[in-house]
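These are the residues of each chain, in order.
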Amino acid sequence: MIKGQCVQSALQQVVDLGCKTWDWDKQVCLECSTRWTFNSHGVCVPVSDNCNQFDASGACVSCYKGYGLVNGQCVESTIVYPADLGCQSWDWDKQVCLGCSSSWAFNSKGVCVPVSDLCKQWDASGACSACFKGYDLIKGQCVLSAEVRPSDLGCKTWDWDKQVCLECSARWTFNSKGVCVPVSDNCNQYDASGACTACYKGYDLTKGQCVLSAIIQP
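Because the structure is predicted, anything quoted here is derived from the model rather than measured.

Trainee: Sorry, what's going on with the overall build of the protein chain here?
Mentor: What the protein chain contains, in helices and strands, is zero helices and 24 strands. Here the protein chain holds 218 residues, and 25% of them are scored as buried. Of the contacts made within the protein chain by residues no fewer than 6 positions apart, 8% connect residues no fewer than 24 positions apart. As presented, the protein chain carries roughly 15600 Å² of accessible surface, and 53% of it is formed by carbon and sulfur atoms.

Trainee: Could you clarify how one ought to interpret the pattern of salt bridges in this entry?
Mentor: Two side chains bearing opposite charge may form a pair once their charged atoms approach each other closely. The final tally for this structure, using the stated rule, is two salt bridges. As a salt-bridge pair, glutamate 31 and lysine 20 come within 3.9 Å of each other at their nearest N and O atoms. Of this pair, glutamate 31 sits in strand E2 (residues 28-32) while lysine 20 sits in strand E1 (residues 19-23); the two residues are eleven residues apart in sequence, bridging distant segments of the chain. Overall, the relative accessible area of 56% leaves lysine 20 in the exposed class. Put simply, glutamate 167 and lysine 156 hold a salt bridge, and the shortest N to O gap is 3.8 Å. On the criterion of sequence distance, the pair formed by glutamate 167 in strand E18 (residues 164-168) and lysine 156 in strand E17 (residues 155-159) is long-range, its members being eleven residues apart.

Trainee: Can you help me understand the side chain of aspartate 23 in this one?
Mentor: The topology assignment puts aspartate 23 in strand E1. Here aspartate 23 sits buried without a salt bridge, and the closest side chain of opposite charge, lysine 26, lies 4.8 Å off (N-O distance). One polar contact links the side chain of aspartate 23 to the main-chain amide nitrogen of aspartate 25, over a distance of 3.0 Å. If sequence neighbours within four positions are ignored, aspartate 23 has contacts with Val28 and Leu30.

Trainee: I would appreciate a short explanation of the state of the cysteines in the present structure.
Mentor: By definition, a disulfide links two cysteine residues through a covalent bond between their sulfur atoms. Per the counting criterion, the structure on display carries twelve disulfides. Between cysteine 19 and cysteine 29 runs a disulfide, and the two sulfur atoms are separated by 2.2 Å. Given an S-S torsion of about 95 degrees, the disulfide between cysteine 19 and cysteine 29 has right-handed geometry. Of this pair, cysteine 19 sits in strand E1 while cysteine 29 sits in strand E2, and the two are ten residues apart along the sequence. For the pair shown, cysteine 19 and cysteine 29 are each scored as buried. Covalent S-S linkage joins cysteine 187 and cysteine 196, the inter-sulfur distance amounting to 1.6 Å. Disulfide cysteine 187-cysteine 196: torsion about the S-S bond near -45 degrees, hence left-handed. Overall, cysteine 187 belongs to the buried group, its relative accessible area being 0%.

Trainee: Could you clarify how one ought to interpret the nonpolar core in this entry?
Mentor: One broad trend across soluble globular proteins is that nonpolar side chains are buried collectively. Listed in full, the six residues of the largest apolar core are Ala105, Val115, Cys119, Cys128, Cys131 and Cys142. Not counting the four nearest positions on each side in its chain, cysteine 119 is found in contact with Cys128, Ala130, Phe132 and Cys142.

Trainee: So what exactly am I meant to see when it comes to unusual backbone geometry here?
Mentor: Glycine aside, residues mostly have negative phi, and peptide bonds are mostly found in the trans state. The phi torsion at arginine 35 lies on the positive side, around 65 degrees, for a residue other than glycine. Of the residues examined, arginine 35 reaches a relative accessible area of 26% and is grouped as partly exposed. Positive phi is not limited to glycine here, since glutamine 163 has a value of about 60 degrees. Its place among the elements puts glutamine 163 in the loop between E17 and E18.

Trainee: How should the side chain of aspartate 84 be read in this particular structure?
Mentor: Its place among the elements puts aspartate 84 in the loop between strand E8 (73-76) and strand E9 (87-91). Buried charged residue aspartate 84 carries no salt bridge. Nearest counter-charge: lysine 109, at 12 Å.

Trainee: Please clarify how the pairing of strand E14 (residues 128-131) should be interpreted in this entry.
Mentor: Bridging between strand E13 (residues 119-122) and E14 involves three bridges; their strand directions are antiparallel. Residue cysteine 119 lies in a different strand from E14, and its bridge partner there is cysteine 131. A loop of five residues connects E13 with E14, the two strands running antiparallel in sequence, and glycine 126 in this loop sits at a positive phi of about 95 degrees.

Trainee: What is the right way to read the environment of leucine 69 from this model?
Mentor: In this fold, leucine 69 is placed in strand E7 (residues 67-70). Leucine 69 gets classed as partly exposed once you look at its relative accessible area, which sits at 44%. Taking the C-alpha atoms as reference points, leucine 69 and cysteine 51, 18 residues apart in sequence, are found 8.8 Å from one another. Other than its neighbours up to four places away in sequence, leucine 69 contacts Cys60, Val61, Cys63 and Cys74.

Conventions adopted
Per chain, the residues get numbers from 1 upward, laid out in the order the sequence is written. Only residues with pLDDT of at least 70 get local features here, since the model is predicted, and only at 80 or more are side-chain atom pairs given and counted; chain-wide, interface and lining totals rely on the full set of residues. Note: side-chain values were computed over all heavy atoms of the structure, leaving out hydrogens and water. Here a strand is any run of E in DSSP of at least two residues, a helix any run of H or I of at least four, and the numbering for each starts at the N terminus. Exposure is judged per residue with a 1.4 Å probe applied to protein chains only, and the accessible area is read against the type maximum: over 50% gives exposed, under 20% gives buried, and values in between give partly exposed. Throughout, a residue-residue contact means that at least one pair of heavy atoms, one from each residue, lies within 4.5 Å. In these tables, accessible area is a Shrake-Rupley quantity obtained with a 1.4 Å probe, and a residue counts as shielded only by the protein chains included in the view. By definition, a salt bridge exists where a carboxyl oxygen of Asp or Glu is found within 4 Å of a side-chain nitrogen of Lys or Arg. The positive count covers Lys and Arg only, the negative count covers Asp and Glu only, and His and the chain ends enter neither. We call two N or O atoms a polar contact when they sit within 3.5 Å, provided that within protein one can donate a hydrogen and the other can accept it, with sequence-adjacent residues counted only if both atoms are side-chain atoms. By disulfide we mean two sulfur atoms from cysteines, separated by a distance within 2.5 Å. The definition of a nonpolar core used throughout is a set of buried Ala, Val, Leu, Ile, Met, Phe, Trp, Tyr and Cys residues joined through side-chain atoms within 4.5 Å. When DSSP locates at least two bridges between a pair of strands, those strands are taken to pair.

Keep in mind these values describe shape, not function.
Dropping the structure here:
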């Protein structure tokens, strides 16, 4: 007792974390918690989460679906491992897929295959039925449209409706005509027009351009 309160004694702390019923007098565990079992030293140890049923020693005697019993342990079974990577709902008993994941669809063999990223909509077989802007639908596939192909190779964000570039890619910048042009590789920093404002070592800044320094030229 400490100041009118009863606190757990440091000399008699429970040393078996998995114990359910503890004998304070003998300082031994009488019963382990659920899914814990005594080992050879009389200490409670956890049973594997993969075990469906287990014996008094904690060895698995049956496993959950998807696991095989090997020497008292439940290991992932290659025999019943889902063979369909795109499957969302797998029937472990029949070894078939019941439903494909999002943006996947059954092919003619009943296997889930990914739908093209260019499809906006698709049918049950995974064939495209509608495309995103900039793509044409041809025989169930979405292909880049020649009529609305981006004319600005350095563009990062393209407005398909107005056919203009909204944002240039990294180290590209708009020129006076609103077309993305590359910034010189020699520029360390540059302004909105693409003119260099600072150069990498070995280059001098001259009228917005970085030229090889005369001091270190061969």
